Amino acid sequence: MEQGKAPNSTDRKKLRAAICRLMPRWQASELTGFRYLPGGYSNDNYRFEIHGSAYVLRLPLANREPAEWQTERVFYETARTLHIPALVAMSDRDGTMITRWVAGELLVDAAPTDAQLVAHTQQLHRALATHAPGSRAYDPVALARRQVATASKAAPRVVSAAIQSAKWRPSE
């Protein structure tokens, strides 16, 4: 979906249902202004409004263990010194989350410098250790192994499709 594009009526119905599961006191008919936010690596994100305030709905694309979602929720609830949106509601079951909308450029539109990205990542990891003790440490090797395992499942199809579309025939 393109940035800023409004979801169709079926998608809006699903988005409203997800929001109302997290915020039962909100009426689905009062939720307006849905807009897709691009750039999510592991989530689909949508901006929406209710009662004159703007929020973001995060819908994770992958499953994780409930304990990981709980750790993330605790982090968002306690990491007040970081520049992160205020948590409104979050499901420990599936990671669906609502935060307050923070006006500004999306990361996908205004990429940080390498130095800014490293500094922010370091700050997040220090905060995670402080605000969510006992959480599993960031392990780039384990992350890379998971990503390679996922990619390797799709690679044969992707390579085959590329060869077919290019009409390339390897020589003997």
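Residues numbered from 1 in each chain as written. Predicted model: local features only at pLDDT ≥ 70, side-chain atom pairs only at ≥ 80, totals over all residues. Heavy atoms only, no water.

Chemist: Just checking my understanding: could you explain the overall build of the chain for this structure?
Modeler: Scanning the chain for helices and strands turns up 4 helices and 5 strands. The helix and strand sequence of the chain, counted from the amino end, reads α-β-β-β-α-β-β-α-α. Here the chain holds 172 residues, and the buried ones make up 25% of them. A total accessible area of about 11,700 Å² is found for the chain, and carbon and sulfur atoms account for 54% of it. (Helix = DSSP H or I, 4+ residues; strand = E, 2+ residues; numbered from the N terminus. Buried < 20%, exposed > 50% of the residue type's maximum accessible area, 1.4 Å probe, protein only. Areas by Shrake-Rupley, 256 points an atom, 1.4 Å probe, with all protein chains shown as cover.)

Chemist: In this structure, what is going on with the nonpolar core? I would like to understand it.
Modeler: A general feature of soluble globular proteins is that nonpolar side chains tend to end up buried together. If you look at the biggest cluster of nonpolar residues, it comprises 17 residues, and the most contacted ones within it are Ile-19, Trp-26, Leu-31, Phe-48, Leu-57 and Ile-98. Looking at this core, the elements that each hand over two or more residues are helix H1 (9–22), strand S1 (32–37), strand S2 (43–50) and strand S3 (53–60). Element by element, the count of residues in this core is highest for H1, at 5 residues. Not counting residues within four places of it along the chain, the set of residues in contact with Ile-19 comprises Trp-26, Leu-31, Phe-34, Phe-48, Leu-57 and Ile-98. (Core = buried A, V, L, I, M, F, W, Y, C linked by side-chain atoms within 4.5 Å. Contact = heavy atoms within 4.5 Å.)

Chemist: Looking at this model, I keep getting lost on the sheet that holds S1. Mind explaining?
Modeler: Taken in spatial order, the 5 strands line up as S1-S2-S3-S5-S4 in an open sheet, and their pairing is antiparallel. Looking at the sheet topology across the chains shown, the edges are occupied by S1 and strand S4 (87–90). Here the strands of the sheet are splayed against their neighbours by 20° on average, with no regard to which way each runs. Here 4 bridges tie S1 to S2, and the two strands are oriented antiparallel to one another. Bridging across to S2, Thr-32 finds its partner in Glu-49. Contacts from helix H2 (residues 66–78) reach S3, S4 and strand S5 (97–100), with the element oriented near 165° to S4. (Pairing = 2+ DSSP bridges. Axes fitted to C-alpha atoms, helices over the stretch in contact; angles between N-to-C directions.)

Chemist: Hey, could you run me through the packing of aromatic side chains in this one?
Modeler: The geometry of an aromatic ring pair is captured by two quantities: the separation of the ring centres and the angle between the planes. All chains considered together, the criterion is met by 6 aromatic pairs. Summarising the aromatic geometry, the rings of Trp-26 and Tyr-55 are spaced 5.1 Å apart at their centres and angled 55° between planes, so their arrangement reads as tilted. In this pair, Trp-26 is assigned in the loop between H1 and S1 and Tyr-55 in strand S3, connecting sequence segments 29 residues apart. When its relative accessible area of 7% is taken as the criterion, Trp-26 is described as buried. Consider the rings of Tyr-36 and Tyr-46, whose centres lie 5.5 Å apart with planes at 65°: the pair is edge-to-face. With Tyr-36 in strand S1 and Tyr-46 in strand S2, this pair connects stretches of sequence that are 10 residues apart. (Phe/Tyr/Trp six-rings, centres within 6.5 Å; stacked < 30°, edge-to-face > 60°.)

Chemist: Whenever I open this one, unusual backbone geometry confuses me. Can you help?
Modeler: Glycine aside, a negative phi is what most residues show, and trans is what most peptide bonds show. Backbone geometry places His-51, a non-glycine residue, at a positive phi of 50°. The topology assignment puts His-51 in the loop between S2 and S3.

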